[in-house]
Amino acid sequence: MKEIKKYKTNKGVTMMDIVVAIIVLTLFVGVITSLYYQIAYYNASIRMNAMAVHYAVKIAESIDKMTYEEVTEELNEDARTTYDLPDLYQANIEIKKYSEEDPTKEDIIKKVTITINYQLLDENKTYVLRKLKIKES
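Overview of the structure.

Reading guide: rules and limits
Residues numbered from 1 in each chain as written. Predicted model: local features only at pLDDT ≥ 70, side-chain atom pairs only at ≥ 80, totals over all residues. Heavy atoms only, no water. Pairing = 2+ DSSP bridges. Helix = DSSP H or I, 4+ residues; strand = E, 2+ residues; numbered from the N terminus. Salt bridge = Lys/Arg side-chain N within 4 Å of Asp/Glu carboxyl O. Buried < 20%, exposed > 50% of the residue type's maximum accessible area, 1.4 Å probe, protein only. Axes fitted to C-alpha atoms, helices over the stretch in contact; angles between N-to-C directions. Contact = heavy atoms within 4.5 Å. Phe/Tyr/Trp six-rings, centres within 6.5 Å; stacked < 30°, edge-to-face > 60°. Core = buried A, V, L, I, M, F, W, Y, C linked by side-chain atoms within 4.5 Å.

1. Digging into the pairing of strand E3 (residues 123-134)
Thinking step 1. The pairing of strand E2 (residues 109-120) with E3 spans 12 bridges and is antiparallel. The residue bridging Tyr-118 from the neighbouring strand is Lys-125, located in E3.
Thinking step 2. Connecting E2 to the antiparallel partner E3 that follows it, the hairpin turn spans 2 residues, and Leu-121 within it adopts a positive phi of roughly 50°.

2. Quick notes on the pattern of salt bridges
Thinking step 1. Scanning the entire structure with this criterion turns up 5 salt bridges.
Thinking step 2. With its nearest N and O atoms 3.8 Å apart, the salt bridge here joins Glu-69 to Lys-135. Note that Glu-69 is positioned in the loop between helix H1 (15-65) and helix H2 (79-82) and Lys-135 in the segment after E3, a separation of 66 residues in sequence.
Thinking step 3. Overall, Lys-135 belongs to the partly exposed group, its relative accessible area being 37%.

3. Some points on the sheet that holds strand E1 (residues 89-97)
Thinking step 1. Across the sheet, 3 strands lie side by side as E1-E2-E3; this open sheet has antiparallel pairing. The sheet terminates laterally at E1 and E3, the two strands that pair on one side only. Averaged over all pairs of adjacent strands, the angle between their axes in this sheet comes to 15°, without regard to strand direction.
Thinking step 2. Strands in contact with H1 are E1, E2 and E3; relative to E2, the strand with the most contacts, it is inclined by about 155°.

4. What about the packing of aromatic side chains?
Thinking step 1. Under the definition given, this model contains 4 aromatic pairs.
Thinking step 2. Here Tyr-55 and Tyr-89 contribute two aromatic rings whose centre-to-centre distance is 5.6 Å and whose plane-to-plane angle is 55°, an arrangement assigned as tilted. Taken together, the residues span a long stretch of sequence, with Tyr-55 in helix H1 and Tyr-89 in strand E1 at a distance of 34 residues. Both residues of the pair, Tyr-55 and Tyr-89, belong to the buried class.
Thinking step 3. Here the aromatic rings of Tyr-89 and Tyr-118 are separated by 5.5 Å at their centres, their planes lie at 50°, and the arrangement is tilted. Remark: Tyr-118 occurs in strand E2 and Tyr-89 occurs in strand E1; sequence separation between them is 29 residues.
Thinking step 4. Judged by relative accessible area, Tyr-89 falls into the buried class, the value being 3%.
Thinking step 5. For Tyr-118, a relative accessible area of 4% corresponds to the buried category.
Thinking step 6. Connected via pairs of aromatic rings, a cluster forms that spans Tyr-37, Tyr-41 and Tyr-42.

5. Considerations on the environment of Ile-108
Thinking step 1. In this fold, Ile-108 is placed in the loop between helix H3 (98-101) and E2.
Thinking step 2. In this structure the C-alpha to C-alpha distance between Ile-108 and Lys-97, which are 11 residues apart in sequence, comes to 8.1 Å.
Thinking step 3. Apart from residues lying up to four places away in sequence, Ile-108 is in contact with Tyr-68, Lys-133, Ile-134 and Lys-135.

6. Let's talk about the nonpolar core
Thinking step 1. Formed by 24 residues in total, the largest nonpolar core has its most connected members in Ile-59, Ile-63, Tyr-89, Ile-93, Ile-114 and Ile-116.
Thinking step 2. Where this core is concerned, the elements lending two or more residues are H1, E1 and E2.
Thinking step 3. With 8 residues, H1 is the largest single contributor of residues to this core.
Thinking step 4. If sequence neighbours within four positions are ignored, Ile-63 has contacts with Val-71, Leu-75, Ile-93, Val-112, Ile-114 and Lys-133.

Following this line, the structure appears as structure tokens:
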């Protein structure tokens, strides 16, 4: 007859099995936690940037409705109340005449730069929108 050798006896869970399980669990929990944090961070970043784009476009559309003479640096003074900006966002509207760069040109074009600043987890983020305001005859 052939001899049957038992290599392992089934006496339940050994300490080695528990240690291996804890090590594997620790590795996967760290990876999953890191992935969850990254997903949450980028989700918040995308939402904040989308809101900054929304407010910049809202300001640009209102500038399109204004006459050429109404578009001045004074738009900065009441930007927060006029465009319902929340406290997290700061808007800066910079207006430069195209004729300032080249005095031989006629004053019919203004360069408008709309800058929206906001903070996300101690990082300062900025969204900039540039457009032209052209004097209509």
